[in-house]
Amino acid sequence: MPTEIFQASRWTRGNFLFPTIIEVSDKAVSRRKRSWFKQDQMSMSMSKVASVHIKTGMVWSEILIESSGGSDPKASHGHSKGDALRIKELIENAQSELARKPES
């Protein structure tokens, strides 16, 4: 599965200059948030993703990705509904592929 990149809208709070970016690959899901002098990047292995929660509004959605390790859930707001649903679908498909693979 090729890596897909989703960028939050610049019209939502906290995303005007530096929008949040979510990358989903078959191995991991990453969230990047820049600011003026630093970059915050969180990466989580697909096998460690416990749940994906989507809150949708009239236009924008908030995505909440929880890990099975018990750390704080990673949130990203300002994504379109279509992007939020696609992120959830990609994560669920990657997890089902991991479950089907026989362990070596």
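The preceding data block contains the structure.
In this report, the structure presented in the accompanying data block is examined. (Residues numbered from 1 in each chain as written. Predicted model: local features only at pLDDT ≥ 70, side-chain atom pairs only at ≥ 80, totals over all residues. Heavy atoms only, no water.)

Moving on, we come to the sheet that holds strand β7 (residues 74-80). Taking strand neighbours across the sheet as the criterion, the three strands line up as β5-β6-β7 in an open arrangement whose pairing is antiparallel. One side of each edge strand has no neighbouring strand; the edge strands of this open sheet are β5 (49-56) and β7. Between one strand axis and the next, the sheet turns by 20° as a mean value, whatever way the strands run. Along the sheet, helix α1 (residues 81-100) makes contact with β5, β6 (60-67) and β7, crossing β5 at roughly 165°. (Pairing = 2+ DSSP bridges. Helix = DSSP H or I, 4+ residues; strand = E, 2+ residues; numbered from the N terminus. Axes fitted to C-alpha atoms, helices over the stretch in contact; angles between N-to-C directions. Contact = heavy atoms within 4.5 Å.)

Per the counting criterion, the structure on display carries five salt bridges. Residue R31 is joined to D40 by a salt bridge in which the shortest nitrogen-to-oxygen separation is 3.7 Å. We classify D40 as partly exposed; its relative accessible area is 45%. Through salt bridges with shared partners, one network takes in E4, R86 and E89. (Salt bridge = Lys/Arg side-chain N within 4 Å of Asp/Glu carboxyl O. Buried < 20%, exposed > 50% of the residue type's maximum accessible area, 1.4 Å probe, protein only.)

Turning our eyes to something else, we now look at the nonpolar core. Of all hydrophobic cores here, the largest spans 16 residues; its most connected members are V24, V29, V49, I63, I65, I87 and I91. If you list the elements that add at least two residues to this core, you get β2 (21-24), β4 (39-45), β5, β6 and α1. In terms of residue count, α1 provides more of this core than any other element does, five residues in total. Dropping the residues within four chain positions of it, I87 is found in contact with F6, I22, V24 and I63. (Core = buried A, V, L, I, M, F, W, Y, C linked by side-chain atoms within 4.5 Å.)

Turning to the side chain of N15, a few remarks are in order. The topology assignment puts N15 in the loop between β1 (4-7) and β2. Take N15: its relative accessible area is 1%, and that puts it in the buried class. Polar side-chain contacts of N15 include one of 3.1 Å to the backbone nitrogen of T20. Only 3.1 Å separates the side chain of N15 from the side chain of K33, close enough to count as a polar contact. Not counting the four nearest positions on each side in its chain, N15 is found in contact with A8, S9, R10, T20, K33, H77 and G78. (Polar contact = N/O pair within 3.5 Å; in protein donor to acceptor, adjacent residues only side chain to side chain.)

A few words on the side chain of H79. Positionally, H79 belongs in strand β7. Accessibility expressed as a relative area gives 0% for H79, which makes it buried. Residues within four places of H79 in sequence aside, it is in contact with F6, Q7, A8, T20, I22, V59, W60, S61 and I63.

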